[in-house]
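Single-letter residue listing:
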Amino acid sequence: MVKVVLLGEPKSTQHVYKMTCRGSFASMYMSKDGKDIKDSYQWQARSQVKISPLGSDLTVTMEIFMGTKRKCDIDNFNKLCFDAMSGILWIDDSQIKELHIKKGYDKENPRISLQVSEL
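Residues numbered from 1 in each chain as written. Predicted model: local features only at pLDDT ≥ 70, side-chain atom pairs only at ≥ 80, totals over all residues. Heavy atoms only, no water.

1. Digging into the overall build of the chain
To be explicit about the condition: Numbered from the N terminus, helices here are DSSP runs of H or I no shorter than four residues, and strands are runs of E no shorter than two. Buried, partly exposed and exposed residues are distinguished by accessible area as a fraction of the type maximum, computed with a 1.4 Å probe on protein chains only: under 20%, between the cut-offs, and over 50%, respectively. Any two residues having at least one pair of non-hydrogen atoms within 4.5 Å are treated as being in contact. Calculation of accessible area relied on Shrake-Rupley with a 1.4 Å probe; when residues are assessed, cover is drawn exclusively from the protein chains displayed. Only four residue types enter the tally: Lys and Arg on the positive side, Asp and Glu on the negative side; His and the chain ends are excluded. Here the site of a charge means NZ on Lys, CZ on Arg, CG on Asp, or CD on Glu.
Regarding its fold elements, the chain presents 3 helices and 6 strands. Considered along the principal axes of its C-alpha atoms, the chain spans approximately 45 × 35 × 25 Å. Scored against the burial criterion, the 119 residues of the chain give a buried share of 39%. Intrachain contacts of the chain at a sequence separation of at least 6 include 80% that bridge at least 24 residues. For the chain, the computed accessible surface area is about 7100 Å², with 51% contributed by carbon and sulfur atoms. Where the 18 positive side-chain charges of the chain centre and where its 15 negative ones centre are 5 Å apart.

See the structure below:
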């Protein structure tokens, strides 16, 4: 089992991805804030993980601790985090075959905690 804790207020997908129109096609891109958060997650994970990325099917437990009690959808927080962990915890997030997500509140220490195990 590999454990990683990513410090800071968790951000939802809606916060970091933006839409634009180019001609008649809409496309999605990551905002500067999103890139900064992704870089922070990668830096934090690399400082904690001392193994090569896992290559098999995985199960992940994700605990999201928000700094505020605002209402938010629990399923909007995994995309940015999982994309950031590609090449660090796993080769690609498509390896995740089982996912457990919990949401909590911690005003003093907002964070995302990941526990990754091979199936």
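The discussion continues.
2. Remarks on the pattern of salt bridges
Our working rule: The rule for a salt bridge is simple: a side-chain nitrogen of Lys or Arg has to be within 4 Å of a carboxyl oxygen of Asp or Glu.
Evaluation of the coordinates by the stated rule reveals 3 salt bridges. Put simply, Asp36 and Lys32 hold a salt bridge, and the shortest N to O gap is 2.9 Å. In this pair, Asp36 and Lys32 are both assigned in helix 2 (residues 32-48), 4 residues apart and thus about one turn of the helix distant. The salt bridge involving Asp83 is made with Lys79; its shortest N-O contact spans 3.2 Å. Of this pair, Asp83 and Lys79 are both found in helix 3 (residues 78-85), 4 residues apart, which corresponds to roughly one turn of the helix.

3. A closer look at the packing of helix 2 against helix 3
To keep things clear, this is the line we draw: Every axis corresponds to a line fitted to the C-alpha atoms, with the helix fit spanning only the stretch in contact, and the corresponding angles, defined between N-to-C directions, vary from 0 to 180 degrees. With respect to orientation, any angle under 35 degrees is reported as roughly parallel, any angle over 145 as roughly antiparallel, any angle of 65 to 115 as roughly perpendicular, and every other angle as oblique. Crossing chirality is assigned from the near helix's rotation relative to the far helix, an anticlockwise turn below a right angle marking it left-handed and a clockwise turn marking it right-handed. Residue type decides the class: Asp, Glu, Lys and Arg count as charged, Ala, Val, Leu, Ile, Met, Phe, Trp, Tyr, Cys and Pro as nonpolar, and the leftover types, Gly among them, as polar.
The N-to-C vectors of helix 2 and helix 3 enclose an angle of 50°; their axes lie 9 Å apart at closest approach. Considering the angle they form, helix 2 stands oblique to helix 3. Helix 3 is crossed by helix 2, and the crossing has right-handed handedness. On the side of helix 2, the interface is formed by Gly34, Ile37, Lys38, Tyr41, Gln42 and Ala45, while helix 3 contributes Leu80, Cys81, Asp83, Ala84 and Met85. Residue classes in the contact of helix 2 with helix 3 are distributed as 7 nonpolar, 2 polar and 2 charged.

4. Re the nonpolar core
We apply this condition: Note on terminology: a nonpolar core comprises buried Ala, Val, Leu, Ile, Met, Phe, Trp, Tyr and Cys residues joined through side-chain atoms within 4.5 Å.
In this structure, Leu6, Tyr41, Met85, Leu89, Trp90 and Leu114 are the most contacted members of the largest nonpolar core, which totals 30 residues. Of all the secondary-structure elements, those providing two or more residues to this core are strand 1 (2-7), helix 2, strand 4 (58-66), helix 3 and strand 6 (111-118). Sequence-distant contacts of Leu114, defined by excluding residues within four places in its chain, comprise Val2, Lys3, Val4, Leu6, Val60, Thr61, Met62, Cys81, Phe82, Met85 and Leu89.

5. Concerning the sheet that holds strand 4
Note the threshold: One requirement defines pairing of two strands: DSSP has to find at least two bridges between them.
Across the sheet, which stays open at both edges, the 4 strands sit in the order 1-6-4-5 with mixed pairing between neighbours. Two strands bound the open sheet, and with one partner strand each, they are strand 1 and strand 5 (96-105). Taking the axes of each pair of neighbouring strands and ignoring which way they run, one obtains an average angle of 15° across the sheet. Summarising the sheet, strand 4 and strand 5 pair through 9 bridges and their orientation is parallel. For Met66, the partnering residue across the bridge sits in strand 5 and is Tyr105. Together, strand 1 and strand 6 form the strand contacts of helix 2, whose direction differs from that of strand 1 by roughly 140°.

6. Observations regarding the confidence of the model for the chain
The following threshold applies: The predictor rates its confidence in each residue with pLDDT, a number between 0 and 100.
Of all residues in the chain, 99% have pLDDT values of 70 or greater, and the mean over the chain is 90. The lowest-confidence element of the chain is strand 2 (residues 17-22), averaging 71 in pLDDT; the highest-confidence one is strand 1, averaging 97.

7. As for the side chain of Thr59
Note that Thr59 resides in strand 4. Non-local contacts of Thr59, meaning those with residues more than four positions away in its chain, are made with Glu98, His100, Gln115, Val116, Ser117 and Leu119.

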